[in-house]
Amino acid sequence: MSADAADAVDFTSQPIAQLLVKVATRCNIDCSYCYWFRDAAVYDKPKLMSAAVLRQLLLRIEEHVCEHGLPDLPIVLHGGEPLLWGVDNFNHFAEACAAITARTGSVIPIAVTTNGVLIDDRWLDCFERHQISVAISLDGPAHIHDLHRKTFQGGGTHEAVVRAARLLVSRDIRTSALAVCNPAYAPRDYVEFFADCGITHYDIMIPDATVDEKPPAIAGFYNGLFDLWFEANRNRPAVNIRIVTDMVTALLGNNSPTEGVGYNPVELCTVMTDGSVEAHDVLRIAGNGFTQTTFNIFDHALDEIRNEPRWRAARDASINLAAKCQRCKFLNVCGGGYLPHRFSKANGYDNPSVYCDDLYAMFENMQNVLEQHLYVQKPGGGRVAMRDALKGGHRGER
Ligand code: SF4
């Protein structure tokens with residue numbers, strides 16, 4: 001299950017395979033840890049995507065899927081708070097994407113990430129009718145969530161968000177929750193809370209931090225979370241905690257489906273409210289204007305962003321790992337950590353993750369537990385414990 005650093009991976013250029021579309025640049029709540037407003041440049045952008053930008057975006061989407069014969073092009077609507085764009089715009093966008101599918105055969109799955117506060121029956125009808133997947137930002141129980149996710153008046157938002165989450169799961173809407181880990185609390189607080197809400201798909205994300213910061217250790221939290229996930233899924237798949245399943249997927253030698261785990265190029269293309277195209281959204285954690293490029297969808301096709309120096313630099317940095325990572329036995333499963341967590345003012349992205357020690361401990365723990373419980377089937381029908389199958393194999397170095 002450990003990666004061999006000698007296994008060179010050849011990352012060939014592929015068409016842009018996923019779009020992040022910023023339909024609103026402002027938010028209706030005031031979360032203390034939000035990376036979005038760390039970059040004052042977001043205030044220079046229009047508050048909402050206009051009809052003219054949307055028209056051009058739809059043209060570019062159709063051009064892109066036709067040019068490359070893509071079977072699908074997933075799109076995530078994002079903000080700020082994307083629901084500020086309005087339910088009529090969402091309905092129009094989804095109908096236009098369905099029309100592109102009818103003309104081209106390329107499926108365009110739509111997802112939205114929202115704080116949930118504005119969700120009412122009209123929104124539920126929209127999500128259900130157009131099969132829009134909804135990820136609701138919910139940091140577990142009130143005593144954790146309300147520490148950071150506040151109104152502009154300083155009050156908590158938990159009650160409103162839980163109301164929205166319960167409405168979502170009561171309908172035929174693909175719903176997940178996105179929490180940010182607070183390692184001062186027990187993972188069981190989150191797991192029991194989401195079970196009580198009826199949410200079976202969620203993520204508890206590693207808090208954003210750069211190498212210039214000193215975030216608290218997280219390995220203890222995630223090792224405890226892994227134990228709870230393992231216990232819950234022992235007999236049948238019951239709960240999907242994304243970061244855990246992604247790490248296990250990577251440890252078992254498969255590509256992790258999300259960019260935060262594994263060794264893959266970060267190739268996300270972000271379209272802003274004015275039609276400008278940016279590098280990965282969360283890289284604005286590095287500071288003002290850090291994601292801005294000179295490209296926009298009026299002058300450039302989506303794939304042209306590959307030639308833009310700043311976008312290209314972030315993409316290349318995601319696969320050109322620091323020397324320590326290149327020697328690490330978890331190179332292929334960790335990939336040096338999430339790209340924003342590798343940034344420092346002194347070295348750019350040429351660092352192991354600020355969470356390197358934690359990540360190593362987490363992968364080591366998972367690998368040990370999985371080795372005890374996984375078996376390799378022998379041709380004759382017998383089986384041998386994974387631990388024994390791996391004995392004497394390459395163990396890499398730290
Ligand atoms: S960040 Fe740390 S654990 Fe991850 S690949 Fe680099 S050295 Fe290994």
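Structure: above.
Everything quoted here is computed from the prediction, not taken from an experiment.

## Overview of the overall build of the protein
Working step 1: Scanning the protein for helices and strands turns up 13 helices and 13 strands.
Working step 2: A total of 398 residues make up the protein; the buried ones form 41% of that total.
Working step 3: Taking the contacts inside the protein whose residues are at least 6 apart along the sequence as the reference set, 69% of them involve residues at least 24 apart.

## Side note on the site of the ligand
Working step 1: Of all residues adjacent to the ligand, which total 13 residues, the nearest are C325, C328, C334, P352 and C356.
Working step 2: Residue assignment for the shell around the ligand shows that the elements contributing at least two residues are α10 (323-326), α11 (331-334) and α12 (356-373).
Working step 3: Counting residues per element, the shell around the ligand draws most heavily on α12, which supplies three residues.
Working step 4: For the shell around the ligand, the residue count by class is nine nonpolar, three polar and one charged.

## Structural notes on the pairing of strand β7 (residues 175-180)
Working step 1: In terms of residue burial, β7 counts as a mostly covered element, since five of its six residues are buried.
Working step 2: Sheet analysis places strand β5 (residues 133-137) next to β7, joined by four bridges and oriented parallel. If you follow V134 over to β7, its bridge partner there is T175.
Working step 3: Summarising the sheet, β7 and strand β8 (residues 201-205) pair through four bridges and their orientation is parallel. For A177, the partnering residue across the bridge sits in β8 and is Y202.
Working step 4: Handedness of the β-α-β unit built from β7, helix α6 (residues 187-197) and β8 comes out right-handed.

## Comments concerning the sheet that holds β8
Working step 1: The mixed open sheet is built from nine strands, whose spatial order is β9-β8-β7-β5-β4-β3-β1-β10-β11. The two strands at the open ends of the sheet, each matched to only one other strand, are β9 (240-241) and β11 (277-278).
Working step 2: Note that strand β4 (residues 110-114) and β5 share four bridges and pair parallel. Pairing of T113 across the sheet is with A135, part of β5.

## Some words on the nonpolar core
Working step 1: Of all hydrophobic cores here, the largest spans 96 residues; its most connected members are V21, I136, M247 and F363.
Working step 2: The element that contributes the greatest number of residues to this core is helix α8 (residues 242-251), accounting for six residues.
Working step 3: For this core, the two domains that each supply at least three residues are domain 1 (19-317) and domain 2 (322-390).
Working step 4: Apart from the residues lying within four places of it in its own chain, the contact partners of M247 are V261, M362, F363 and M366.

What counts, and where the lines are drawn
- Residues numbered from 1 in each chain as written.
- Predicted model: local features only at pLDDT ≥ 70, side-chain atom pairs only at ≥ 80, totals over all residues.
- Helix = DSSP H or I, 4+ residues; strand = E, 2+ residues; numbered from the N terminus.
- Buried ≥ 20, exposed ≤ 12 C-beta atoms within 10 Å, placed from the backbone.
- Contact = placed C-beta atoms within 7 Å.
- Near = placed C-beta within 6 Å.
- Nonpolar A, V, L, I, M, F, W, Y, C, P; charged D, E, K, R; others polar.
- Pairing = 2+ DSSP bridges.
- Right-handed = clockwise from strand over helix to strand, strands pointing away.
- Core = buried A, V, L, I, M, F, W, Y, C linked by C-beta atoms within 7 Å.
- Domains from an automatic or database assignment.

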